[in-house]
Amino acid sequence: MERINWLSNVRVFALVSMVLLHIAAGLLYNFSTSPSFYWWIGNVYDGMVRCCVPLFVMITGALLLSKEIDLKRFFQKRFMRIVIPFIFWSFVYVLNRVFWKEETNFLTDLWNSNFWERLVKGDISFHLWYVYMLIGLLFFVPILNKWIRHCTEKEIVYFLCMWLISLILSHTFIHKDLKLVYFSGYVGYLVLGYYLAHAEKYRISNLRLKTGGKLLISNKLILGIIIVIAFSTTILGTYFNSVRMNKFDSLFYEYLMPNVLLAAIGIFLLIKSCTLKNKIVLKIIHFLDRYSYGIYLIHILVLTYLWKFLGINAYFIHPSIGIVITTILCVGVSAGIIYAVHKIPFIGKHISG
């Protein structure tokens with residue numbers, strides 16, 4: 001139960017970070033024309049939450065690779081819990097787009113929207129790319145599960161080292177025939193999540209630096225230093241690259257960049273090492289954790305309506321505050337909608353996410 005609790009904390013942190021990322025991103029894309037101070041606000045906020053997607057994948061690895069998987073039950077339960085809400089909310093996004101189209105016949109345009117074709121091509125909403133990636137990983141999870149539960153720590157470390165090398169080489173000039181495709185991509189975050197979640201049975205559980213039996217640097221301080229280094233690299237690297245190209249450059253924002261990986265490791269372990277006791281905070285976390293997938297699916301729609309009807313986005317007040325307020329409102333409204341949908345008899349629990 002303790003392990004599940006701290007993973008819930010990680011999931012809620014990643015969820016809120018994802019919403020904040022999409023709100024702050026709007027300040028970044030007009031690098032040469034936006035007020036530099038506003039751009040810096042967006043860069044700092046966005047740079048501090050880039051690890052949200054890696055954290056989601058690491059949670060999946062920590063949960064799904066630690067116990068034996070029955071293929072039939074896995075695809076009936078876990079897989080369908082991802083796919084059915086995804087299809088439903090994808091259709092809602094198409095409905096929304098057709099509804100707001102001017103001078104249109106709603107039913108005709110809905111029929112001509114080519115929903116299934118757009119669903120297959122990933123042409124519904126930009127944020128749903130994550131679900132496609134997650135579905136691809138789920139196909140691989142049963143195989144990876146079988147391997148990781150029977151391998152040694154050295155074999156896990158070997159895989160993670162090769163994965164890290166592949167990430168580094170993918171952003172450098174290397175010979176075209178040197179390919180490490182079997183170690184690349186988001187699959188490494190699955191293994192990393194499992195490894196760090198079960199650190200107690202591995203040697204990495206002892207991160208403390210000691211001399212003569214005396215503690216020199218605590219685990220949390222080490223993790224804090226790691227996080228600061230990762231954040232600084234992301235934020236400053238993005239700035240200098242953007243200056244060099246005279247336009248916003250997102251290289252250091254990429255989820256498979258080593259600096260984002262480092263931030264994900266630091267935050268994952270830091271949250272794991274912390275214990276929350278405030279009952280109100282714990283209730284909020286439990287609520288958001290329960291409906292996190294549905295909140296993720298709907299939050300872009302909520303952001304659109306917050307702006308369309310209430311004029312609320314990062315700019316409705318000074319962005320340093322507006323980003324935070326909009327994030328809180330979006331998460332709260334999204335959670336309320338998903339909660340209400342979940343309560344619909346017979347179908348609510350299947351489509352809410």
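Structural notes, computed from the coordinates. (Residues numbered from 1 in each chain as written. Predicted model: local features only at pLDDT ≥ 70, side-chain atom pairs only at ≥ 80, totals over all residues. Heavy atoms only, no water.)

1. Remarks on helix α4 (residues 71-99)
Here is step 1: Under the 1.5 Å per step criterion, the end-to-end length of α4 is 40 Å for 29 residues, consistent within 8% with the ideal 42 Å.
Here is step 2: Where α4 bends most, the angle comes to about 45°, and this point is Met80. (Helix = DSSP H or I, 4+ residues; strand = E, 2+ residues; numbered from the N terminus. Expected span 1.5 Å × (residues − 1). Bend = angle between axes of the 7 residues up to and from the residue.)

2. Observations concerning a nonpolar patch on the surface
Here is step 1: On the surface, Phe99, Trp100, Phe309 and Leu310 cluster together to form a nonpolar patch covering roughly 480 Å² of accessible area.
Here is step 2: By secondary structure assignment, the location of Trp100 is in the loop between α4 and α5 (106-111).
Here is step 3: Residue classification places Trp100 among the partly exposed residues on the basis of a relative accessible area of 37%. (Patch = residues over 30% accessible without salt bridge, like charges linked within 9 Å, V, L, I, M, F, W, Y side chains within 5 Å. Areas by Shrake-Rupley, 256 points an atom, 1.4 Å probe, with all protein chains shown as cover. Salt bridge = Lys/Arg side-chain N within 4 Å of Asp/Glu carboxyl O. Buried < 20%, exposed > 50% of the residue type's maximum accessible area, 1.4 Å probe, protein only.)

3. Examining a positive patch on the surface
Here is step 1: The grouping of Lys67, Arg73, Lys77 and Arg81 at the surface amounts to a positive patch.
Here is step 2: Relative to the helices and strands, Lys67 is located in the loop between α3 (52-64) and α4. (Lys, Arg positive; Asp, Glu negative; His and termini not counted. Charge placed at Lys NZ, Arg CZ, Asp CG, Glu CD.)

4. Describing the environment of Ile165
Here is step 1: Tracing the backbone through its elements, the reader meets Ile165 in helix α8 (residues 153-169).
Here is step 2: We classify Ile165 as partly exposed; its relative accessible area is 38%.
Here is step 3: For the pair Ile165 and Ser184, spaced 19 residues apart in sequence, the C-alpha to C-alpha distance is 8.9 Å.

5. Quick look at the nonpolar core
Here is step 1: Grouped together as the largest cluster of nonpolar side chains are 107 residues, with contacts concentrated most on Leu55, Val131, Tyr186, Tyr189 and Phe268.
Here is step 2: The greatest single-element share of this core, amounting to twelve residues, is contributed by helix α1 (residues 2-24).
Here is step 3: Those residues in contact with Leu55 that sit more than four places away from it in its chain are Val10, Phe13, Ala14, Ala264, Ile267 and Phe268.
Here is step 4: Counting five residues, the second-largest nonpolar core is a separate cluster that includes Leu28, Phe31, Phe248 and Tyr253. (Core = buried A, V, L, I, M, F, W, Y, C linked by side-chain atoms within 4.5 Å. Contact = heavy atoms within 4.5 Å.)

6. Some words on the side chain of Thr326
Here is step 1: Considering the arrangement of structural elements, one finds Thr326 in helix α14 (residues 319-342).
Here is step 2: At 3.1 Å, the side chain of Thr326 forms a polar contact with the backbone oxygen of Asn313. (Polar contact = N/O pair within 3.5 Å; in protein donor to acceptor, adjacent residues only side chain to side chain.)

7. A word on the side chain of Thr60
Here is step 1: Summarising the element assignment, Thr60 is placed in helix α3.
Here is step 2: According to the relative accessible area criterion, Thr60 is buried, its value standing at 16%.
Here is step 3: Contact partners of Thr60, with chain neighbours within four places excluded, come to Leu65, Leu134 and Leu190.

8. Here's the deal with the environment of Val92
Here is step 1: Relative to the assigned elements, Val92 resides in helix α4.
Here is step 2: Considering only alpha carbons, one finds Val92 and Leu301, 209 residues apart in sequence, at a separation of 9.1 Å.

9. Overview of the packing of α4 against helix α13 (residues 292-310)
Here is step 1: Two elements in contact, α4 and α13, have axes separated by 9 Å at closest approach and are oriented at 10°. For the element pair α4 / α13, the angle class is roughly parallel. Contact with α4, carried on its side by Arg81, Ile82, Pro85, Phe86, Trp89, Val92, Tyr93 and Asn96, involves Tyr293, Leu297, Ile298, His299, Ile300, Leu301 and Tyr305 of α13 and no other residues of that element.
Here is step 2: Of the residues belonging to the contact of α4 with α13, the class tally is twelve nonpolar, two polar and one charged. (Axes fitted to C-alpha atoms, helices over the stretch in contact; angles between N-to-C directions. Parallel < 35°, antiparallel > 145°, perpendicular 65-115°, else oblique. Nonpolar A, V, L, I, M, F, W, Y, C, P; charged D, E, K, R; others polar.)

10. Re the pattern of salt bridges
Any two side chains of opposite charge can pair, on the condition that their charged atoms come close.
Here is step 1: Enumeration over the complete set of coordinates arrives at two salt bridges.
Here is step 2: Linking Arg11 and Asp289 is a salt bridge whose minimum nitrogen-to-oxygen distance equals 2.4 Å. Taken together, the residues Arg11 in helix α1 and Asp289 in helix α12 (residues 279-290) connect sequence positions 278 residues apart. The pair Arg11 / Asp289 is uniform in exposure class, with both members buried.
Here is step 3: Asp46 is the salt-bridge partner of Arg50, the closest N and O atoms lying 2.9 Å from each other. Of the two residues, Arg50 and Asp46, both sit in the buried class.

11. Remarks on the environment of Gly266
Here is step 1: Within the secondary structure, Gly266 sits in helix α11 (residues 258-273).
Here is step 2: As a C-alpha pair, Gly266 and Ile226 span 40 residues in sequence and 5.9 Å in three-dimensional space.
Here is step 3: If near-sequence neighbours (up to four positions away) are discounted, Gly266 is found in contact with Leu223, Ile226 and Ile227.

12. What about helix α9 (residues 187-197)?
Each full turn of the α-helix corresponds to 3.6 residues, which orients residues three or four apart in the same direction.
Here is step 1: A large share of α9 lies buried, amounting to eleven of its eleven residues.
Here is step 2: Along α9, the positions that sit buried rather than exposed are Val187, Gly188, Tyr189, Leu190, Val191, Leu192, Gly193, Tyr194, Tyr195, Leu196 and Ala197.

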